[in-house]
Amino acid sequence: MQQGKSSATGVNADALAAVARLRTWLDGARRCLVLTGAGMSAESGIAPFRGGDQALWTRFDPARLATPEAFAADPDLVWAWYLWRMAGVRAATPHAGHRALADLAARQPGLALVTQNVDDLHERAGSTGVVHLHGELFALRCAACAAPAPPPTLPATGVAPALRQPPPRCHRCGGAVRPGVVWFGEALPEAAWQAAESAARACDLALVVGTSGLVHPAAALPAIARRHGARVVEINPAPTALSAQADLCWRATAAQALPLLTGASAELGG
Ligand code: NAD
Ligand code: ZN
């Protein structure tokens, strides 16, 4: 049975009730799916795509930077932008919410952590077996023959992205090396999607953290979970395209909310 919809804001009485309810749901869950998006990394200083004037697609044009056609047309422009993003990720550190998810997985071996993020903050917080639906920034490969390539030399952080920089060349065929991300118009990695979809079908609780729910097919996962009987909980400071499907919307940030769920935050004394 689905519970009535409710929402909670910050750490107030509503939030305490939400935490208590969620902890009960978590304790009772045999299999939990956690789906994270760019908002998960926002408090580590990595800008999301959407929402606010620091968001990447407010400042940059995705059609010129995040499609295979853009890379083919101007590889130096695209590579320079990704080097800048990689440097930002390298300089960032995981926050308490990333660590809380790693703790939760240690307690709940059935937990599947599926992320749309291309950074490695979940892994650096101790999570293993993370499913990366949209690839991984640092998993460089040749754009022509797909041979893996070694990690790049990164520019200093805090500087504006260089306008242009030629990408490294593939050691096997001489083709241009590209970041390991899924660009607009490209298919998701098949194994990652299969793993995510089966986790959504099998879970009894889906925790959706920091995603706008606008990028498909990832945005379909909460609905798949719900159709198969799971409760859906959203943790996001702002309403999203997924809010209407959630049994509980907790209007808090990832670094505020997740440590409260695992009892890692002192605010609940737990
Ligand atoms: P999005 O940028 O579309 O939406 C971000 C969401 O996070 C918004 O709903 C916003 O309200 C919420 N949010 C902002 N701050 C938050 C916080 N502190 N805690 C919780 N939620 C917060 O992100 P998306 O839905 O993941 O979009 C998908 C695409 O963004 C993916 O393709 C992903 O690869 C890409 N992306 C990834 C990174 C990264 O790897 N860190 C960064 C930017 C974009
Ligand atoms: Zn090659």
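Up top you'll find the structure we're talking about.
These figures come from a predicted structure and were not determined experimentally.

**Quick look at the coordination of the zinc ion (ligand 2)**
For a metal with four tetrahedral donors the ideal donor-metal-donor angle is 109.5 degrees, whereas six octahedral donors ideally subtend 90 or 180 degrees.
Stage number 1. The coordination sphere of the zinc ion (ligand 2), as far as protein atoms go, consists of Cys142 (SG), Cys145 (SG), Cys170 (SG) and Cys173 (SG), spread over 2.3 to 2.4 Å.
Stage number 2. For the zinc ion (ligand 2), the 4 donor atoms are set out with angles of 100 to 117 degrees between them, so the coordination reads as tetrahedral.
Stage number 3. Ordering the donors of the zinc ion (ligand 2) by residue number gives the pattern C-x2-C-x24-C-x2-C. You can see Cys142 sitting in strand β5 (residues 135-142) and its partner Cys173 sitting in the loop between β5 and β6 (177-181), a full 31 residues away along the chain.
Stage number 4. Here Cys142 falls in the buried class, since its relative accessible area comes to 2%.

**Quick notes on the site of ligand 1**
Stage number 1. Lining the immediate environment of ligand 1, one finds 28 residues, of which Arg50, Gln116, His134, Thr211 and Ser212 sit closest.
Stage number 2. Here Thr211 contributes a side-chain N or O atom positioned 2.6 Å from an oxygen atom of ligand 1.
Stage number 3. Interatomic distance of 3.0 Å between a backbone N/O atom of Ala254 and a nitrogen atom of ligand 1.
Stage number 4. In isolation ligand 1 exposes 860 Å². Once the protein is present, 91% of that is buried.
Stage number 5. Considering each element in turn, the shell around ligand 1 owes the most residues, 3 residues, to helix α2 (residues 39-42).
Stage number 6. The class makeup of the residues in the shell around ligand 1 is 11 nonpolar, 13 polar and 4 charged.

**Notes on the environment of Glu197**
Stage number 1. Along the chain, the position of Glu197 falls in helix α9 (residues 190-202).
Stage number 2. Through-space distance from the C-alpha of Glu197 to that of Val114 is 9.8 Å; in sequence the pair is 83 residues apart.

How each quantity is defined
Residues numbered from 1 in each chain as written. Chains lettered and ligands numbered in written order. Predicted model: local features only at pLDDT ≥ 70, side-chain atom pairs only at ≥ 80, totals over all residues. Heavy atoms only, no water. Donors = N, O, S within 2.8 Å, 3.2 Å for Na, K, Ca; no water. Tetrahedral: all angles 85-135°; square planar, octahedral: opposite > 155°, others 65-115°. Helix = DSSP H or I, 4+ residues; strand = E, 2+ residues; numbered from the N terminus. Buried < 20%, exposed > 50% of the residue type's maximum accessible area, 1.4 Å probe, protein only. Near = heavy atom within 4 Å. Polar contact = N/O pair within 3.5 Å; in protein donor to acceptor, adjacent residues only side chain to side chain. Areas by Shrake-Rupley, 256 points an atom, 1.4 Å probe, with all protein chains shown as cover. Nonpolar A, V, L, I, M, F, W, Y, C, P; charged D, E, K, R; others polar.

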